Amino acid sequence: MIVSSVLCRYGHSPASKGRVTVFARVRFLPRAVPLDRQETKMTRRRQIYEGKAKILYEGPEPGTIIQYFKDDATAFNAQKKGTISGKGVLNNRISEHVFTMLGLIGIPTHFIRRLNMREQLVRQVEIIPIEVVVRNVAAGSIAKRFGIEEGTMLPRTIIEYYYKDDSLNDPLVSDEHIAAFGWASQDEMHDIADMAIRVNDFMAGMFAGVGIRLVDFKLEFGRLFDGDFARVILADEISPDGCRLWDMKTGDKLDKDRFRRDLGGEVEAYQEVARRLGLLTEEESAVLDLDEHRKARGKTPATVPTEAAPDTKPPAI
Ligand code: UDP
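Residues numbered from 1 in each chain as written. Predicted model: local features only at pLDDT ≥ 70, side-chain atom pairs only at ≥ 80, totals over all residues. Heavy atoms only, no water.

Some thoughts on the overall build of the protein chain
Inference 1: When its secondary structure is counted, the protein chain shows 11 helices and 14 strands.
Inference 2: Relative to its full complement of 317 residues, the protein chain shows a buried share of 50%.
Inference 3: Put simply, of all contacts in the protein chain between residues at least 6 apart along the chain, 59% involve residues at least 24 apart.
Inference 4: Counting only carbon and sulfur atoms, one obtains 54% of the accessible surface of the protein chain, whose full area is about 15800 Å². (Helix = DSSP H or I, 4+ residues; strand = E, 2+ residues; numbered from the N terminus. Buried < 20%, exposed > 50% of the residue type's maximum accessible area, 1.4 Å probe, protein only. Contact = heavy atoms within 4.5 Å. Areas by Shrake-Rupley, 256 points an atom, 1.4 Å probe, with all protein chains shown as cover.)

Concerning the packing of aromatic side chains
Inference 1: Per the stated rule, a full pass over the model turns up three aromatic pairs.
Inference 2: Plain terms: the ring middles of Y57 and Y68 are 6.4 Å apart, the flat faces sit at 85° to each other, and that makes the pair edge-to-face. Pair noted here: Y57 is in strand β2 (residues 54–58) and Y68 is in strand β3 (residues 64–69), with a separation of 11 residues, a long-range link.
Inference 3: Residue class for Y68 comes out buried when judged on its relative accessible area of 12%.
Inference 4: Summarising the aromatic geometry, the rings of F181 and W183 are spaced 5.2 Å apart at their centres and angled 35° between planes, so their arrangement reads as tilted.
Inference 5: Here W183 falls in the buried class, since its relative accessible area comes to 15%.
Inference 6: Of the aromatic side chains, those joined through ring pairs into one cluster are Y163, F181 and W183.
Inference 7: The ring of Y57 has R45 sitting right over it, with the charged end atom 5.9 Å from the ring centre.
Inference 8: One residue, K80, lies across the ring of F259, its end atom 4.9 Å from the ring centre. (Phe/Tyr/Trp six-rings, centres within 6.5 Å; stacked < 30°, edge-to-face > 60°. Lys NZ or Arg CZ within 6 Å of the ring centre and 35° of its normal.)

So, the pairing of strand β1 (residues 47–50)
Inference 1: Here β1 pairs with β2 via three bridges, running antiparallel. Along β2, the bridge assignment pairs Q47 with Y57.
Inference 2: Counted along the chain from β1 to the antiparallel partner β2, the turn is three residues long. (Pairing = 2+ DSSP bridges.)

Quick look at the pattern of salt bridges
Inference 1: The tally for this structure, following the rule as stated, stands at 27 salt bridges.
Inference 2: A salt bridge links K80 to D262, with the shortest nitrogen-to-oxygen separation between them at 2.4 Å. Note that K80 is positioned in strand β5 (residues 80–83) and D262 in the loop between α8 (257–260) and α9 (266–276), a separation of 182 residues in sequence.
Inference 3: Its relative accessible area of 16% is what places K80 among the buried residues.
Inference 4: Note on D262: relative accessible area 57%, which makes it exposed.
Inference 5: In this structure, the salt-bridge partner of R135 is D216, at a minimum N-O distance of 3.4 Å. Here R135 is found in strand β9 (residues 130–137), whereas its partner D216 is found in strand β12 (residues 212–226), with 81 residues between them in sequence. Of the two residues, R135 and D216, both sit in the buried class. (Salt bridge = Lys/Arg side-chain N within 4 Å of Asp/Glu carboxyl O.)

Considerations on the packing of helix α4 (residues 87–104) against helix α7 (residues 186–208)
Inference 1: Interaxial distance between α4 and α7 falls to 11 Å at its minimum, and their mutual angle equals 120°. Classed by the angle they form, the pair α4 and α7 counts as oblique. Between α4 and α7 lies a crossing whose hand is right-handed. In contact with H97, V98, M101 and L102 of α4, α7 contributes V199, F202, M203 and M206.
Inference 2: Its residues placed into classes, the contact of α4 with α7 shows seven nonpolar, one polar and no charged. (Axes fitted to C-alpha atoms, helices over the stretch in contact; angles between N-to-C directions. Parallel < 35°, antiparallel > 145°, perpendicular 65-115°, else oblique. Left-handed = near helix turned anticlockwise from the far one by under 90°. Nonpolar A, V, L, I, M, F, W, Y, C, P; charged D, E, K, R; others polar.)

Right under this line is the structure:
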């Protein structure tokens, strides 16, 4: 019975092949719902949610989730779509590294362990519907909103909150809106702001150590329930998809702006980040090279800050 219920939940077990799995599915899944809507063919696990860059599956234990990192890339609230081949593998590794390090300095996170090239096991949380953006240098929407030149050092680190709602284009909101509409309590927002600053301090140092400027990044938090008690922990992912990372010497963008602004060399840039963080073997590092990509496009290294293409995106996406 235990085996059956496991098979029922995931469609397979490490040992499951063929008939047993099919039997369990037929026996336990509602027939009215097509199987391919409940389980992906590739992993045969129950899919909980599919986002722009990740798929979430039910995890092996109650209270766990498997995050699958896709190669899909979107920008400008999904008005621009594409695929960056290999991105999911790199983001899985980079996010594993960052979350592990943050855990080591005492930031509570949802990360449990990486399972394979594209998947990681995480704790199930109730996501707080706020995107927390931390900025050290003006870029993207803040540069556009206040007419500040991209690359201008901000006088102090700025934390912004955006309400997560694609249909509203993730509007910029204040603490007042968050409290008034009950998206998070004052205590939770206090914890979130504290953690965001600690994450920024740690990551800015970590990236500076490998010659990368941490311009800005986005965090998401979730509530981890323990009976009636809930505490806020860091969730989602931290990868070049949600950070602006500039090479300190050349100003090259090593993040999703390469995709947003049609600069090309996306996967090379993500790989460069992973390589500098010591996450790739020499063999893996040799596969792709941003310098080679630049040369092939006839570009010489730029000076800091660089490639400041006009910000054509709508605000707060
Ligand atoms: N960001 C993100 N997801 C979003 C919006 C922003 O990961 O939905 C990240 C983005 O990659 C950047 C930072 O948050 O590192 C600040 O983004 P900004 O507000 O400048 O918007 P953008 O110009 O990236 O749309």
